[in-house]
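Next come the chains, spelled out residue by residue.
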Amino acid sequence: DVRALTVATAKTDAVDHPEAPPLTPRQLGFTRDGGMIQRYDPNPPAELQRPAYIPPHQANRAELVEILYPNHGVARVWRLPRELYESVQDTG
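Everything numeric in this text was worked out from a predicted model, so none of it was measured.

A.B. asks: Any chance you could explain the sheet that holds strand β1 (residues 36-41) here in plain terms?
C.D. replies: By way of backbone hydrogen bonds, the strands of a sheet pair with one another, either parallel or antiparallel. Pairing is antiparallel in the open sheet, where three strands are placed in the order β1-β2-β3. The open sheet has two edge strands, β1 and β3 (73-79), and neither has a second partner. On average, each strand axis in the sheet is tilted by 20° relative to the strand beside it, whichever way the strands run. By the bridge criterion, five bridges tie β1 to strand β2 (residues 63-69) in an arrangement that is antiparallel. Note that in β2 the partner of I37 across the bridge is I67.

A.B. asks: I would appreciate a short explanation of the environment of G73 in the present structure.
C.D. replies: As for its position among the elements, G73 is in strand β3. The class of G73 is partly exposed, set by a relative accessible area of 29%. C-alpha separation for the pair G73 and G35, spaced 38 residues apart in sequence, amounts to 9.6 Å. Residues in contact with G73, not counting those within four places in the same chain, are I67 and L68.

A.B. asks: Please clarify how the nonpolar core should be interpreted in this entry.
C.D. replies: What tends to happen in soluble globular proteins is that the nonpolar side chains get buried as a cluster. One finds I54, A62, L64, W78, L80 and L84 forming the largest nonpolar core, which totals six residues. If we skip the residues at most four places from it in the chain, L84 touches Q58 and R61.

A.B. asks: Sorry if this is basic, but what is going on with the side chain of T31 here?
C.D. replies: Mapped onto the fold, T31 is located in the loop between α1 (2-16) and β1. When its relative accessible area of 15% is taken as the criterion, T31 is described as buried. Here T31 is in contact with I37, I67 and Y69, once residues within four sequence places are set aside.

A.B. asks: Is there a simple way to think about the pattern of salt bridges in this case?
C.D. replies: If you walk through the whole model with that rule in mind, you get five salt bridges. As a salt-bridge pair, R39 and E66 come within 3.3 Å of each other at their nearest N and O atoms. With a gap of 27 residues between them, R39 in strand β1 and E66 in strand β2 connect regions that are remote in the sequence. With a relative accessible area of 14%, E66 lands in the buried category. Residues E66 and R76 are paired through a salt bridge, measuring 3.0 Å at the closest nitrogen-oxygen approach. Of the two residues, E66 is situated in strand β2 and R76 in strand β3; the sequence distance between them amounts to 10 residues.

Cut-offs and rules
- Starting from 1, residues in each chain are numbered consecutively following that chain's sequence as written.
- Owing to the predicted nature of the model, reporting of local features is limited to residues with pLDDT of at least 70; listing and counting of side-chain atom pairs is limited to 80 or more, with chain, interface and lining totals taken over all residues.
- Heavy atoms from the whole structure form the basis of all side-chain values; hydrogens and water molecules are not counted.
- Think of it this way: DSSP has to see at least two bridges between two strands before they count as a pair.
- A run of H or I in DSSP becomes a helix once it reaches four residues, and a run of E becomes a strand once it reaches two; helices and strands are each numbered from the N terminus.
- Between N-to-C directions, angles span 0 to 180 degrees; the directions come from axes that are lines fitted to C-alpha atoms, helices contributing only their stretch in contact.
- When accessible area is computed with a 1.4 Å probe and restricted to protein chains, residues below 20% of their type maximum are described as buried, those above 50% as exposed, and intermediate ones as partly exposed.
- The contact definition used throughout considers only heavy atoms, calling two residues in contact when any of these lie within 4.5 Å.
- Residues enter a nonpolar core if they are buried and are Ala, Val, Leu, Ile, Met, Phe, Trp, Tyr or Cys, with the set joined through side-chain atoms within 4.5 Å.
- Salt bridges are identified by distance alone: a Lys or Arg side-chain nitrogen within 4 Å of an Asp or Glu carboxyl oxygen.

In structure tokens form, the structure reads like this:
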């Protein structure tokens, strides 16, 4: 009986990982504004041109995210990892 196996596995997981919170929308691939994350590339090819707001000395650390907003299109977002901001705040 597959149902019994599934229920038994779910109960075991709940006992083994009682502190595990439910997944957030972002973890499921959605943004808070209703967009759907289509692509995340932490190391996009160097030949892809970075936007002007990415400092040239950090261009190799830039990450690329593509988000589909229904009825609006796809947004291509370049970002720097959070740890870069945290290290700047710690020294400043």
